[in-house]
Amino acid sequence: NELSLSMSVRLGLDTRGTQIPDQALNVGNVNPVLDGPRNVCVTADVNLGSANPVSNLVVTSPDGTPFISDDMIRTASRGLTISGLSGYPADQIDRVKGEIVPVIVQPLRDTVEDSIKKSLGDVFQTQINALASRGTGSGSHLVSSQNLASELGLGNIQLRDRVAILECAVLKNTNHPIPPDHACVGLPFYGGPITPENFSSPTINELMNLKDAASRLQITSESLKQRLIALKPLMLEEPMYADDPNDHSDFAIRCRQDHRQSIQRDIAEYVDPIINSISENQLSGQIFNFVEIQNQLAGGASRNVGVSIPEICSDTRPSPHARREMRNCPIQAYVDLNEFNQVLSRMWSAGRLCQQGRGPYVPTLEHGQQKYDEEGKPIGSGCYMETGGMGCYMNNPPQITYDARTRKYKTSVKLKSCYRPPAFLGIGRFGGDFNIDFSFSPKACNGGDFCMDNPDVNWSVVPGSERFALRPGGFLTSTVTSGIQAAVNGAISNTIRIPLTSNVGPLAGIPIEAEGRTDSGPGFFGACLKLRSTSRGVSGQ
(Lines give C-alpha, C1' and ligand atoms only; values in the text may rest on other atoms or scores of the structure.)
Protein backbone atom coordinates (compact mmCIF):
# COMPACT_ATOMS: atom_id res chain seq x y z
CA ASN A 1 0.00 0.00 0.00
CA GLU A 2 2.93 2.37 0.57
CA LEU A 3 6.31 2.60 -1.09
CA SER A 4 8.69 5.53 -1.64
CA LEU A 5 12.12 5.40 -3.27
CA SER A 6 15.10 7.72 -3.20
CA MET A 7 17.41 7.35 -6.19
CA SER A 8 20.14 9.23 -8.01
CA VAL A 9 21.95 8.47 -11.22
CA ARG A 10 25.44 9.52 -12.36
CA LEU A 11 26.47 9.09 -15.97
CA GLY A 12 30.15 9.42 -16.80
CA LEU A 13 30.81 11.30 -20.09
CA ASP A 14 33.79 11.02 -22.40
CA THR A 15 34.11 14.67 -23.46
CA ARG A 16 37.52 14.44 -25.08
CA GLY A 17 37.63 16.42 -28.35
CA THR A 18 34.47 18.33 -27.46
CA GLN A 19 33.70 21.73 -25.99
CA ILE A 20 31.47 20.24 -23.29
CA PRO A 21 32.91 21.36 -19.93
CA ASP A 22 31.36 18.64 -17.75
CA GLN A 23 32.53 15.04 -17.61
CA ALA A 24 29.47 13.67 -15.78
CA LEU A 25 25.75 14.13 -15.75
CA ASN A 26 24.21 13.82 -12.29
CA VAL A 27 20.48 13.39 -11.79
CA GLY A 28 19.37 13.46 -8.17
CA ASN A 29 16.25 13.62 -6.03
CA VAL A 30 14.53 10.97 -8.13
CA ASN A 31 11.86 10.01 -5.63
CA PRO A 32 9.00 7.92 -7.10
CA VAL A 33 6.07 7.41 -4.73
CA LEU A 34 3.64 4.50 -5.12
CA ASP A 35 0.54 5.74 -6.93
CA GLY A 36 -1.75 2.87 -5.91
CA PRO A 37 -1.85 -0.52 -4.13
CA ARG A 38 0.12 -3.40 -5.64
CA ASN A 39 -0.65 -7.09 -5.43
CA VAL A 40 2.35 -9.24 -4.62
CA CYS A 41 2.93 -12.98 -4.35
CA VAL A 42 5.32 -14.25 -1.69
CA THR A 43 6.94 -17.67 -1.97
CA ALA A 44 9.39 -19.12 0.52
CA ASP A 45 10.82 -22.23 2.09
CA VAL A 46 9.47 -22.70 5.62
CA ASN A 47 11.02 -24.90 8.31
CA LEU A 48 9.53 -24.09 11.70
CA GLY A 49 12.10 -26.32 13.39
CA SER A 50 14.96 -24.15 12.16
CA ALA A 51 16.55 -21.17 13.91
CA ASN A 52 15.68 -19.20 10.73
CA PRO A 53 12.28 -20.67 9.83
CA VAL A 54 11.77 -18.64 6.60
CA SER A 55 14.34 -18.74 3.80
CA ASN A 56 14.59 -18.20 0.03
CA LEU A 57 11.75 -15.69 0.14
CA VAL A 58 10.84 -14.18 -3.23
CA VAL A 59 8.36 -11.38 -4.01
CA THR A 60 6.75 -11.31 -7.46
CA SER A 61 3.91 -9.43 -9.16
CA PRO A 62 1.26 -12.01 -10.11
CA ASP A 63 -0.66 -9.65 -12.38
CA GLY A 64 2.46 -8.22 -14.06
CA THR A 65 1.86 -4.67 -12.76
CA PRO A 66 5.26 -3.00 -12.21
CA PHE A 67 6.04 -1.28 -8.97
CA ILE A 68 7.26 1.80 -10.84
CA SER A 69 4.57 2.95 -13.24
CA ASP A 70 4.92 5.55 -16.02
CA ASP A 71 2.80 7.99 -14.00
CA MET A 72 5.19 7.62 -11.06
CA ILE A 73 8.14 8.43 -13.34
CA ARG A 74 6.43 11.51 -14.78
CA THR A 75 5.47 12.78 -11.33
CA ALA A 76 8.98 12.18 -9.98
CA SER A 77 10.57 14.16 -12.84
CA ARG A 78 9.12 17.40 -11.50
CA GLY A 79 11.28 17.43 -8.37
CA LEU A 80 14.61 16.10 -9.63
CA THR A 81 17.88 18.03 -9.69
CA ILE A 82 20.36 18.01 -12.60
CA SER A 83 24.01 18.95 -12.73
CA GLY A 84 26.53 18.54 -15.53
CA LEU A 85 24.73 20.68 -18.07
CA SER A 86 26.82 23.82 -17.75
CA GLY A 87 25.94 26.52 -20.23
CA TYR A 88 22.34 25.49 -20.75
CA PRO A 89 19.75 28.12 -19.78
CA ALA A 90 17.62 27.28 -16.78
CA ASP A 91 14.35 27.28 -18.74
CA GLN A 92 15.75 24.71 -21.18
CA ILE A 93 16.91 22.50 -18.31
CA ASP A 94 13.42 22.57 -16.78
CA ARG A 95 11.94 21.71 -20.17
CA VAL A 96 14.06 18.59 -20.62
CA LYS A 97 13.61 17.23 -17.10
CA GLY A 98 10.51 15.33 -18.17
CA GLU A 99 12.49 13.74 -20.99
CA ILE A 100 15.67 12.90 -19.09
CA VAL A 101 14.05 10.88 -16.32
CA PRO A 102 12.15 8.45 -18.59
CA VAL A 103 15.22 8.04 -20.80
CA ILE A 104 17.39 7.24 -17.77
CA VAL A 105 14.92 5.32 -15.59
CA GLN A 106 13.18 3.19 -18.22
CA PRO A 107 16.27 1.09 -19.03
CA LEU A 108 16.95 0.73 -15.30
CA ARG A 109 13.40 -0.16 -14.41
CA ASP A 110 13.93 -3.93 -14.35
CA THR A 111 16.98 -3.55 -12.13
CA VAL A 112 15.11 -1.22 -9.79
CA GLU A 113 12.10 -3.56 -9.71
CA ASP A 114 14.30 -6.50 -8.75
CA SER A 115 15.95 -4.42 -6.04
CA ILE A 116 12.58 -3.41 -4.61
CA LYS A 117 11.35 -7.00 -4.52
CA LYS A 118 14.55 -8.26 -2.94
CA SER A 119 14.43 -5.50 -0.34
CA LEU A 120 10.79 -6.26 0.50
CA GLY A 121 11.60 -9.96 0.69
CA ASP A 122 14.58 -9.43 2.99
CA VAL A 123 12.58 -7.23 5.38
CA PHE A 124 9.60 -9.59 5.37
CA GLN A 125 11.83 -12.62 5.96
CA THR A 126 13.66 -10.88 8.81
CA GLN A 127 10.41 -9.88 10.51
CA ILE A 128 8.85 -13.35 10.18
CA ASN A 129 11.99 -15.01 11.54
CA ALA A 130 12.01 -12.58 14.46
CA LEU A 131 8.38 -13.38 15.24
CA ALA A 132 8.89 -17.11 14.92
CA SER A 133 11.92 -17.14 17.20
CA ARG A 134 10.11 -15.57 20.18
CA GLY A 135 9.46 -18.04 22.93
CA THR A 136 6.36 -16.40 24.41
CA GLY A 137 3.62 -14.05 23.35
CA SER A 138 3.99 -14.74 19.65
CA GLY A 139 5.96 -17.04 17.45
CA SER A 140 5.87 -20.43 15.80
CA HIS A 141 5.66 -23.53 17.91
CA LEU A 142 5.93 -27.24 17.19
CA VAL A 143 3.62 -29.28 19.40
CA SER A 144 3.19 -33.03 19.11
CA SER A 145 -0.23 -33.59 17.58
CA GLN A 146 -0.72 -36.70 19.73
CA ASN A 147 -1.02 -34.19 22.59
CA LEU A 148 -3.93 -32.55 20.79
CA ALA A 149 -5.85 -35.66 19.81
CA SER A 150 -5.07 -37.72 22.91
CA GLU A 151 -7.16 -35.32 24.97
CA LEU A 152 -10.08 -37.40 23.68
CA GLY A 153 -8.84 -40.41 25.66
CA LEU A 154 -11.42 -41.36 28.27
CA GLY A 155 -8.80 -41.61 30.98
CA ASN A 156 -7.67 -38.06 30.29
CA ILE A 157 -11.23 -36.80 30.38
CA GLN A 158 -11.91 -38.47 33.73
CA LEU A 159 -8.72 -37.12 35.32
CA ARG A 160 -9.27 -33.59 34.06
CA ASP A 161 -11.76 -32.75 36.81
CA ARG A 162 -9.48 -34.15 39.53
CA VAL A 163 -6.62 -31.97 38.29
CA ALA A 164 -8.92 -28.95 38.20
CA ILE A 165 -9.99 -29.54 41.83
CA LEU A 166 -6.35 -29.95 42.88
CA GLU A 167 -5.48 -26.67 41.16
CA CYS A 168 -8.21 -24.84 43.04
CA ALA A 169 -7.14 -26.38 46.35
CA VAL A 170 -3.57 -25.21 45.75
CA LEU A 171 -4.74 -21.73 44.72
CA LYS A 172 -6.89 -21.43 47.85
CA ASN A 173 -4.18 -22.74 50.19
CA THR A 174 -1.55 -20.37 48.76
CA ASN A 175 -3.87 -17.36 49.17
CA HIS A 176 -4.47 -16.92 45.43
CA PRO A 177 -7.98 -16.18 44.17
CA ILE A 178 -9.79 -18.86 42.17
CA PRO A 179 -10.70 -17.36 38.77
CA PRO A 180 -14.47 -17.41 38.20
CA ASP A 181 -13.97 -19.22 34.89
CA HIS A 182 -11.65 -21.88 36.29
CA ALA A 183 -12.44 -25.45 35.26
CA CYS A 184 -13.13 -26.46 38.89
CA VAL A 185 -16.00 -23.99 39.29
CA GLY A 186 -19.31 -25.84 39.20
CA LEU A 187 -17.85 -29.30 39.75
CA PRO A 188 -19.62 -31.36 42.42
CA PHE A 189 -17.94 -31.39 45.81
CA TYR A 190 -18.92 -32.12 49.37
CA GLY A 191 -21.76 -29.75 50.24
CA GLY A 192 -22.56 -28.65 46.69
CA PRO A 193 -20.94 -27.36 43.52
CA ILE A 194 -17.61 -25.54 43.80
CA THR A 195 -17.60 -21.75 43.74
CA PRO A 196 -14.55 -19.48 44.06
CA GLU A 197 -15.81 -18.37 47.48
CA ASN A 198 -17.01 -21.54 49.20
CA PHE A 199 -14.32 -24.05 48.19
CA SER A 200 -11.82 -25.31 50.75
CA SER A 201 -9.88 -28.55 50.82
CA PRO A 202 -6.41 -29.53 52.13
CA THR A 203 -3.94 -29.96 49.29
CA ILE A 204 -2.81 -33.36 50.58
CA ASN A 205 -6.39 -34.67 50.35
CA GLU A 206 -6.67 -33.72 46.68
CA LEU A 207 -3.20 -35.11 45.97
CA MET A 208 -4.26 -38.49 47.35
CA ASN A 209 -7.54 -38.38 45.38
CA LEU A 210 -5.60 -37.56 42.21
CA LYS A 211 -3.09 -40.36 42.74
CA ASP A 212 -5.88 -42.85 43.38
CA ALA A 213 -7.74 -41.83 40.22
CA ALA A 214 -4.60 -41.78 38.04
CA SER A 215 -3.57 -45.26 39.18
CA ARG A 216 -6.64 -46.75 37.47
CA LEU A 217 -6.42 -44.78 34.22
CA GLN A 218 -4.25 -44.59 31.13
CA ILE A 219 -3.22 -40.92 30.98
CA THR A 220 -1.55 -39.45 27.89
CA SER A 221 -2.65 -35.80 28.01
CA GLU A 222 0.12 -33.28 27.50
CA SER A 223 -2.07 -30.46 28.81
CA LEU A 224 -2.65 -32.33 32.10
CA LYS A 225 1.08 -32.97 32.39
CA GLN A 226 1.86 -29.29 31.83
CA ARG A 227 -0.76 -28.24 34.38
CA LEU A 228 0.79 -30.54 36.99
CA ILE A 229 4.26 -29.21 36.21
CA ALA A 230 2.96 -25.64 36.62
CA LEU A 231 1.47 -26.55 40.00
CA LYS A 232 4.76 -27.65 41.58
CA PRO A 233 6.31 -24.20 42.22
CA LEU A 234 2.91 -22.86 43.29
CA MET A 235 2.54 -25.63 45.89
CA LEU A 236 5.83 -24.53 47.49
CA GLU A 237 4.24 -21.15 48.25
CA GLU A 238 1.81 -22.68 50.74
CA PRO A 239 2.44 -21.07 54.16
CA MET A 240 2.49 -22.93 57.45
CA TYR A 241 -0.65 -22.87 59.51
CA ALA A 242 -0.72 -19.84 61.88
CA ASP A 243 2.74 -18.75 60.69
CA ASP A 244 3.78 -15.22 61.60
CA PRO A 245 5.64 -13.84 58.55
CA ASN A 246 7.34 -11.26 60.82
CA ASP A 247 8.90 -13.94 63.00
CA HIS A 248 12.48 -14.37 61.79
CA SER A 249 13.76 -16.38 64.71
CA ASP A 250 15.93 -19.44 64.07
CA PHE A 251 13.09 -21.66 65.25
CA ALA A 252 10.59 -20.09 62.83
CA ILE A 253 13.06 -20.34 59.94
CA ARG A 254 13.68 -24.04 60.65
CA CYS A 255 9.93 -24.67 60.81
CA ARG A 256 9.44 -23.03 57.42
CA GLN A 257 12.28 -25.09 55.97
CA ASP A 258 10.75 -28.28 57.36
CA HIS A 259 7.37 -27.28 55.96
CA ARG A 260 8.87 -26.66 52.49
CA GLN A 261 10.66 -30.01 52.58
CA SER A 262 7.39 -31.70 53.52
CA ILE A 263 5.73 -30.17 50.45
CA GLN A 264 8.65 -31.30 48.28
CA ARG A 265 8.16 -34.84 49.58
CA ASP A 266 4.45 -34.63 48.70
CA ILE A 267 5.36 -33.50 45.18
CA ALA A 268 7.83 -36.37 44.83
CA GLU A 269 5.30 -38.90 46.10
CA TYR A 270 2.12 -37.75 44.39
CA VAL A 271 2.80 -35.36 41.48
CA ASP A 272 6.06 -36.51 39.90
CA PRO A 273 4.97 -40.15 39.46
CA ILE A 274 1.89 -39.03 37.50
CA ILE A 275 4.00 -36.72 35.30
CA ASN A 276 6.48 -39.53 34.65
CA SER A 277 3.66 -41.97 33.91
CA ILE A 278 2.14 -39.60 31.35
CA SER A 279 5.52 -39.24 29.64
CA GLU A 280 5.94 -43.02 29.48
CA ASN A 281 2.42 -43.49 28.12
CA GLN A 282 3.07 -40.87 25.46
CA LEU A 283 6.20 -42.67 24.30
CA SER A 284 4.31 -45.94 23.82
CA GLY A 285 1.99 -46.18 20.85
CA GLN A 286 2.71 -42.84 19.22
CA ILE A 287 0.46 -42.40 16.20
CA PHE A 288 0.96 -38.77 15.17
CA ASN A 289 3.83 -36.67 13.87
CA PHE A 290 3.45 -33.01 14.72
CA VAL A 291 1.25 -29.96 14.82
CA GLU A 292 2.54 -26.64 13.55
CA ILE A 293 1.13 -23.65 15.38
CA GLN A 294 2.05 -20.22 14.11
CA ASN A 295 1.13 -17.13 16.05
CA GLN A 296 2.06 -13.78 14.49
CA LEU A 297 1.83 -10.37 16.09
CA ALA A 298 1.88 -7.35 13.79
CA GLY A 299 2.66 -4.12 15.61
CA GLY A 300 0.47 -5.11 18.52
CA ALA A 301 -2.60 -4.57 16.37
CA SER A 302 -3.46 -7.93 14.83
CA ARG A 303 -2.68 -11.58 15.42
CA ASN A 304 -3.01 -14.44 12.97
CA VAL A 305 -2.97 -18.04 14.11
CA GLY A 306 -2.41 -21.00 11.83
CA VAL A 307 -2.66 -24.65 12.84
CA SER A 308 -1.66 -27.61 10.68
CA ILE A 309 -2.47 -31.16 11.75
CA PRO A 310 -1.05 -33.52 9.11
CA GLU A 311 -3.02 -36.60 10.14
CA ILE A 312 -6.34 -34.73 10.24
CA CYS A 313 -5.70 -32.50 7.21
CA SER A 314 -4.07 -35.07 4.93
CA ASP A 315 -1.36 -33.67 2.69
CA THR A 316 -1.69 -36.57 0.27
CA ARG A 317 -5.44 -36.16 -0.23
CA PRO A 318 -6.47 -32.57 0.53
CA SER A 319 -9.80 -32.08 2.25
CA PRO A 320 -12.64 -31.11 -0.12
CA HIS A 321 -13.73 -28.63 2.57
CA ALA A 322 -10.38 -26.80 2.69
CA ARG A 323 -11.81 -23.55 1.31
CA ARG A 324 -14.81 -23.25 3.61
CA GLU A 325 -14.97 -20.12 5.68
CA MET A 326 -17.28 -18.05 7.86
CA ARG A 327 -17.65 -14.41 6.87
CA ASN A 328 -15.86 -11.90 9.10
CA CYS A 329 -14.56 -14.63 11.40
CA PRO A 330 -11.17 -13.68 12.92
CA ILE A 331 -9.93 -17.25 13.47
CA GLN A 332 -11.44 -20.39 12.00
CA ALA A 333 -10.86 -24.00 13.00
CA TYR A 334 -12.25 -26.72 10.76
CA VAL A 335 -12.18 -30.49 11.12
CA ASP A 336 -12.60 -32.83 8.18
CA LEU A 337 -14.72 -35.56 9.78
CA ASN A 338 -13.61 -38.22 7.32
CA GLU A 339 -10.00 -37.63 8.28
CA PHE A 340 -10.90 -37.30 11.93
CA ASN A 341 -12.76 -40.61 11.90
CA GLN A 342 -9.54 -42.20 10.69
CA VAL A 343 -7.76 -40.60 13.64
CA LEU A 344 -10.39 -41.99 16.02
CA SER A 345 -9.89 -45.44 14.52
CA ARG A 346 -6.14 -45.24 15.00
CA MET A 347 -6.58 -43.97 18.56
CA TRP A 348 -8.94 -46.84 19.35
CA SER A 349 -6.53 -49.37 17.86
CA ALA A 350 -3.57 -47.87 19.73
CA GLY A 351 -5.42 -47.51 23.04
CA ARG A 352 -5.33 -43.71 23.09
CA LEU A 353 -9.13 -43.53 23.19
CA CYS A 354 -9.47 -46.00 26.07
CA GLN A 355 -9.03 -45.94 29.82
CA GLN A 356 -7.18 -49.23 29.55
CA GLY A 357 -6.25 -51.63 26.75
CA ARG A 358 -6.85 -51.18 23.04
CA GLY A 359 -8.83 -52.48 20.07
CA PRO A 360 -11.74 -54.95 19.99
CA TYR A 361 -12.75 -57.14 22.90
CA VAL A 362 -10.92 -60.46 23.05
CA PRO A 363 -12.46 -62.77 25.68
CA THR A 364 -10.39 -65.05 27.85
CA LEU A 365 -11.73 -68.53 27.23
CA GLU A 366 -12.05 -71.50 29.51
CA HIS A 367 -13.09 -74.78 27.91
CA GLY A 368 -14.01 -72.78 24.85
CA GLN A 369 -16.38 -70.48 26.80
CA GLN A 370 -16.13 -66.93 28.16
CA LYS A 371 -14.29 -66.92 31.47
CA TYR A 372 -15.61 -64.90 34.45
CA ASP A 373 -14.06 -63.96 37.78
CA GLU A 374 -15.57 -64.99 41.11
CA GLU A 375 -17.93 -62.02 41.08
CA GLY A 376 -19.17 -62.70 37.56
CA LYS A 377 -17.22 -60.05 35.69
CA PRO A 378 -16.11 -61.08 32.17
CA ILE A 379 -12.36 -61.55 31.80
CA GLY A 380 -10.72 -60.38 28.60
CA SER A 381 -8.82 -57.55 26.91
CA GLY A 382 -9.65 -54.66 24.62
CA CYS A 383 -10.49 -50.96 24.69
CA TYR A 384 -11.90 -50.65 28.21
CA MET A 385 -13.95 -47.77 29.57
CA GLU A 386 -15.80 -47.25 32.80
CA THR A 387 -18.58 -44.85 33.75
CA GLY A 388 -21.09 -44.74 36.56
CA GLY A 389 -19.55 -47.87 38.06
CA MET A 390 -20.24 -49.84 34.87
CA GLY A 391 -17.26 -51.14 32.91
CA CYS A 392 -17.46 -51.96 29.19
CA TYR A 393 -15.24 -52.75 26.25
CA MET A 394 -15.65 -50.43 23.27
CA ASN A 395 -15.83 -52.98 20.47
CA ASN A 396 -15.55 -50.51 17.61
CA PRO A 397 -14.15 -46.99 17.18
CA PRO A 398 -16.80 -44.25 17.19
CA GLN A 399 -17.39 -42.78 13.74
CA ILE A 400 -19.09 -39.40 13.32
CA THR A 401 -21.38 -38.72 10.34
CA TYR A 402 -23.71 -35.87 9.37
CA ASP A 403 -27.45 -36.32 8.88
CA ALA A 404 -28.56 -33.73 6.33
CA ARG A 405 -32.25 -34.35 7.16
CA THR A 406 -31.96 -33.45 10.84
CA ARG A 407 -28.85 -31.30 10.46
CA LYS A 408 -27.29 -33.22 13.31
CA TYR A 409 -24.23 -35.38 13.68
CA LYS A 410 -24.70 -39.08 14.39
CA THR A 411 -22.52 -41.84 15.70
CA SER A 412 -22.85 -45.34 17.09
CA VAL A 413 -20.82 -47.36 19.56
CA LYS A 414 -20.97 -51.08 20.27
CA LEU A 415 -20.14 -51.89 23.90
CA LYS A 416 -19.15 -55.45 24.66
CA SER A 417 -19.20 -57.41 27.94
CA CYS A 418 -20.45 -54.57 30.12
CA TYR A 419 -20.63 -55.31 33.83
CA ARG A 420 -21.53 -53.48 37.00
CA PRO A 421 -20.80 -55.07 40.39
CA PRO A 422 -23.46 -55.38 43.12
CA ALA A 423 -24.66 -52.06 44.46
CA PHE A 424 -25.90 -53.30 47.85
CA LEU A 425 -25.72 -56.68 49.63
CA GLY A 426 -24.99 -58.50 46.40
CA ILE A 427 -28.04 -56.96 44.70
CA GLY A 428 -28.05 -54.79 41.60
CA ARG A 429 -25.28 -56.25 39.50
CA PHE A 430 -25.94 -56.61 35.80
CA GLY A 431 -24.16 -57.28 32.53
CA GLY A 432 -24.67 -57.43 28.80
CA ASP A 433 -23.71 -56.03 25.41
CA PHE A 434 -25.07 -52.61 24.38
CA ASN A 435 -25.60 -50.84 21.07
CA ILE A 436 -25.72 -47.07 21.46
CA ASP A 437 -26.79 -44.64 18.73
CA PHE A 438 -26.96 -40.95 19.37
CA SER A 439 -27.27 -37.70 17.46
CA PHE A 440 -26.43 -34.19 18.52
CA SER A 441 -26.21 -30.59 17.39
CA PRO A 442 -22.71 -29.12 17.35
CA LYS A 443 -21.55 -26.17 19.34
CA ALA A 444 -18.26 -24.51 20.20
CA CYS A 445 -17.29 -24.77 23.85
CA ASN A 446 -14.32 -24.93 26.21
CA GLY A 447 -12.32 -22.38 24.27
CA GLY A 448 -13.49 -23.49 20.82
CA ASP A 449 -13.79 -27.26 20.96
CA PHE A 450 -16.32 -29.37 19.07
CA CYS A 451 -18.89 -30.42 21.69
CA MET A 452 -22.25 -32.14 21.78
CA ASP A 453 -25.41 -30.30 22.65
CA ASN A 454 -28.45 -32.16 24.03
CA PRO A 455 -27.72 -35.57 22.53
CA ASP A 456 -30.61 -37.81 21.48
CA VAL A 457 -29.56 -41.20 22.82
CA ASN A 458 -30.99 -44.57 21.83
CA TRP A 459 -29.52 -47.69 23.34
CA SER A 460 -30.47 -51.30 23.41
CA VAL A 461 -29.28 -54.56 24.89
CA VAL A 462 -28.10 -57.14 22.40
CA PRO A 463 -30.68 -59.96 22.72
CA GLY A 464 -29.26 -62.98 24.50
CA SER A 465 -26.44 -61.06 26.21
CA GLU A 466 -28.45 -60.00 29.28
CA ARG A 467 -27.05 -61.15 32.60
CA PHE A 468 -28.17 -60.87 36.24
CA ALA A 469 -30.61 -57.98 36.81
CA LEU A 470 -30.85 -57.24 33.10
CA ARG A 471 -32.48 -60.56 32.30
CA PRO A 472 -35.97 -60.07 30.88
CA GLY A 473 -38.65 -60.24 33.54
CA GLY A 474 -36.33 -59.49 36.45
CA PHE A 475 -37.86 -57.40 39.23
CA LEU A 476 -34.98 -54.85 38.99
CA THR A 477 -34.86 -54.68 35.19
CA SER A 478 -36.73 -51.36 34.86
CA THR A 479 -34.68 -49.74 37.63
CA VAL A 480 -31.44 -50.93 36.06
CA THR A 481 -32.35 -49.82 32.54
CA SER A 482 -33.29 -46.30 33.71
CA GLY A 483 -29.99 -46.10 35.57
CA ILE A 484 -28.11 -47.17 32.46
CA GLN A 485 -29.93 -44.53 30.41
CA ALA A 486 -28.80 -41.80 32.81
CA ALA A 487 -25.23 -43.15 32.87
CA VAL A 488 -25.06 -43.35 29.07
CA ASN A 489 -26.42 -39.82 28.64
CA GLY A 490 -23.92 -38.47 31.14
CA ALA A 491 -20.99 -40.37 29.69
CA ILE A 492 -21.70 -39.32 26.12
CA SER A 493 -22.31 -35.65 26.87
CA ASN A 494 -19.04 -35.50 28.79
CA THR A 495 -16.99 -37.55 26.36
CA ILE A 496 -17.72 -36.53 22.77
CA ARG A 497 -15.52 -33.51 22.42
CA ILE A 498 -13.00 -32.77 19.68
CA PRO A 499 -10.31 -30.47 21.07
CA LEU A 500 -9.88 -28.02 18.22
CA THR A 501 -8.10 -25.32 20.21
CA SER A 502 -8.54 -25.51 23.96
CA ASN A 503 -5.45 -27.67 24.40
CA VAL A 504 -3.52 -25.95 21.65
CA GLY A 505 -3.88 -22.45 23.06
CA PRO A 506 -2.27 -22.94 26.49
CA LEU A 507 0.60 -24.95 25.00
CA ALA A 508 1.38 -22.34 22.39
CA GLY A 509 0.73 -19.25 24.47
CA ILE A 510 -2.26 -18.41 22.28
CA PRO A 511 -5.34 -17.36 24.30
CA ILE A 512 -8.26 -18.56 22.16
CA GLU A 513 -11.95 -18.76 22.95
CA ALA A 514 -15.11 -19.50 21.01
CA GLU A 515 -16.66 -16.55 19.18
CA GLY A 516 -20.00 -18.39 19.11
CA ARG A 517 -20.64 -19.32 15.49
CA THR A 518 -20.28 -22.81 14.05
CA ASP A 519 -20.44 -24.23 10.54
CA SER A 520 -21.70 -27.77 10.07
CA GLY A 521 -22.39 -30.04 7.15
CA PRO A 522 -21.56 -33.38 5.51
CA GLY A 523 -17.99 -34.31 6.31
CA PHE A 524 -16.89 -31.22 8.23
CA PHE A 525 -17.34 -29.11 11.33
CA GLY A 526 -16.09 -25.56 11.82
CA ALA A 527 -15.91 -23.24 14.81
CA CYS A 528 -15.33 -19.50 14.76
CA LEU A 529 -12.79 -18.42 17.35
CA LYS A 530 -11.29 -15.21 18.65
CA LEU A 531 -8.32 -14.15 20.71
CA ARG A 532 -8.71 -12.85 24.23
CA SER A 533 -6.40 -11.22 26.72
CA THR A 534 -5.27 -13.46 29.54
CA SER A 535 -2.73 -13.54 32.31
CA ARG A 536 -0.14 -16.28 32.50
CA GLY A 537 -0.31 -18.84 35.28
CA VAL A 538 -2.48 -21.71 36.42
CA SER A 539 -5.89 -21.32 34.82
CA GLY A 540 -7.07 -24.85 34.22
CA GLN A 541 -8.72 -23.80 30.98
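Procedures and definitions
- Residues numbered from 1 in each chain as written.
- Predicted model: local features only at pLDDT ≥ 70, side-chain atom pairs only at ≥ 80, totals over all residues.
- Heavy atoms only, no water.
- Buried < 20%, exposed > 50% of the residue type's maximum accessible area, 1.4 Å probe, protein only.
- Helix = DSSP H or I, 4+ residues; strand = E, 2+ residues; numbered from the N terminus.
- Arc of directions from axis to C-beta.
- Core = buried A, V, L, I, M, F, W, Y, C linked by side-chain atoms within 4.5 Å.
- Patch = residues over 30% accessible without salt bridge, like charges linked within 9 Å, V, L, I, M, F, W, Y side chains within 5 Å.
- Areas by Shrake-Rupley, 256 points an atom, 1.4 Å probe, with all protein chains shown as cover.
- Salt bridge = Lys/Arg side-chain N within 4 Å of Asp/Glu carboxyl O.
- Phe/Tyr/Trp six-rings, centres within 6.5 Å; stacked < 30°, edge-to-face > 60°.
- Lys NZ or Arg CZ within 6 Å of the ring centre and 35° of its normal.
- Expected span 1.5 Å × (residues − 1).
- Pairing = 2+ DSSP bridges.
- Axes fitted to C-alpha atoms, helices over the stretch in contact; angles between N-to-C directions.
- Disulfide = S-S within 2.5 Å.

Peer 1: Help me out: how do you make sense of helix H1 (residues 70–77) in this one?
Peer 2: Within H1 the residues assigned to the buried category are Met72, Ile73, Ala76 and Ser77. End-on view of H1: buried residues confined to an arc of 135°, all on one side of the axis.

Peer 1: Explain the nonpolar core here, please?
Peer 2: In summary, soluble globular proteins display a tendency toward joint burial of nonpolar side chains. Residues Met394, Tyr409, Leu415 and Phe434 are the most contacted members of the largest nonpolar core, which totals 35 residues. Every element with two or more residues in this core is listed here: strand S11 (331–336), helix H8 (337–350), strand S17 (390–394), strand S19 (408–420), strand S20 (430–445), strand S21 (449–461) and strand S25 (524–531). With six residues, the single largest contributor to this core is H8. Of all hydrophobic cores here, the second largest spans 33 residues; its members include Leu159, Ile178, Ile194 and Phe199.

Peer 1: Before we go on, may I ask you to explain a nonpolar patch on the surface in this structure?
Peer 2: A cluster of nonpolar residues, Val40, Val42 and Phe124, forms a patch on the protein surface that exposes about 220 Å² of accessible area. Positionally, Val42 belongs in strand S3 (residues 41–46).

Peer 1: I tried to follow the packing of aromatic side chains on my own but got confused; where do I start?
Peer 2: Scanning the model with the defined rule gives 10 aromatic pairs in all. Centroid distance Tyr361 to Tyr393: 4.6 Å. Interplanar angle 40°. Geometry classified as tilted. With Tyr361 in the loop between H8 and strand S12 (362–363) and Tyr393 in strand S17, the pair connects residues that are 32 residues apart, well separated along the chain. When sorted by exposure, Tyr361 lands in the same class as Tyr393, which is buried. It is Arg429 that lies over the ring of Phe468; its NZ or CZ is 4.0 Å from the centre.

Peer 1: It is not clear to me how unusual backbone geometry should be interpreted in this structure. Could you clarify?
Peer 2: Negative phi values dominate among residues other than glycine, just as trans dominates among peptide bonds. Not every positive phi belongs to a glycine, and Asn175 is a case in point at roughly 65°. Here Asn175 shows up in the loop between helix H4 (154–173) and strand S7 (188–189). Residue classification places Asn175 among the exposed residues on the basis of a relative accessible area of 64%.

Peer 1: Would you explain H8 in this entry?
Peer 2: Every α-helix winds through 3.6 residues per turn, so residues three or four apart in the chain are directed the same way. If you check H8, its first and last C-alpha atoms are 19 Å apart, about what 14 residues at 1.5 Å a residue would give, namely 20 Å. All of the buried residues in H8 are Leu337, Glu339, Phe340, Asn341, Val343, Leu344, Met347, Trp348 and Ala350. Gly351 occupies a position one or two residues after H8 and carries a positive phi of about 90°.

Peer 1: Sorry if this is basic, but what is going on with the sheet that holds strand S2 (residues 24–30) here?
Peer 2: Pairing between the strands of a sheet comes from backbone hydrogen bonds, and it takes one of two forms, parallel or antiparallel. As summarised here, the arrangement of the three strands in space is S1-S2-S5, forming an open sheet in which the pairing is antiparallel. Every other strand in the sheet has two partners, leaving strand S1 (7–12) and strand S5 (81–83) as the edge strands with one partner each. In this sheet, adjacent strand axes meet at a mean angle of 10° when their direction is disregarded. With three bridges joining them, S2 and S5 adopt antiparallel strand pairing. Considered in S5, the bridge of Gly28 is made with Thr81.

Peer 1: Teacher, can you tell me more about the state of the cysteines here?
Peer 2: Any covalent bond linking the sulfur atoms of two cysteines counts as a disulfide. Scanning all chains against the criterion turns up three disulfides. One disulfide in the model links Cys354 with Cys383; its S-S distance is 1.9 Å. Taking the torsion about the S-S bond as the criterion, the Cys354 to Cys383 disulfide, at about -110°, is left-handed. With Cys354 in the loop between H8 and S12 and Cys383 in the loop between strand S15 (380–381) and strand S16 (384–387), the pair connects residues that are 29 residues apart, well separated along the chain. Bridging Cys392 to Cys418, the disulfide has an S-S length of 2.1 Å. Disulfide Cys392-Cys418: the torsion about the S-S bond is 120°, which places it as right-handed. You can see Cys392 sitting in strand S17 and its partner Cys418 sitting in strand S19, a full 26 residues away along the chain. Neither residue differs from the other here; Cys392 and Cys418 are each classed as buried.

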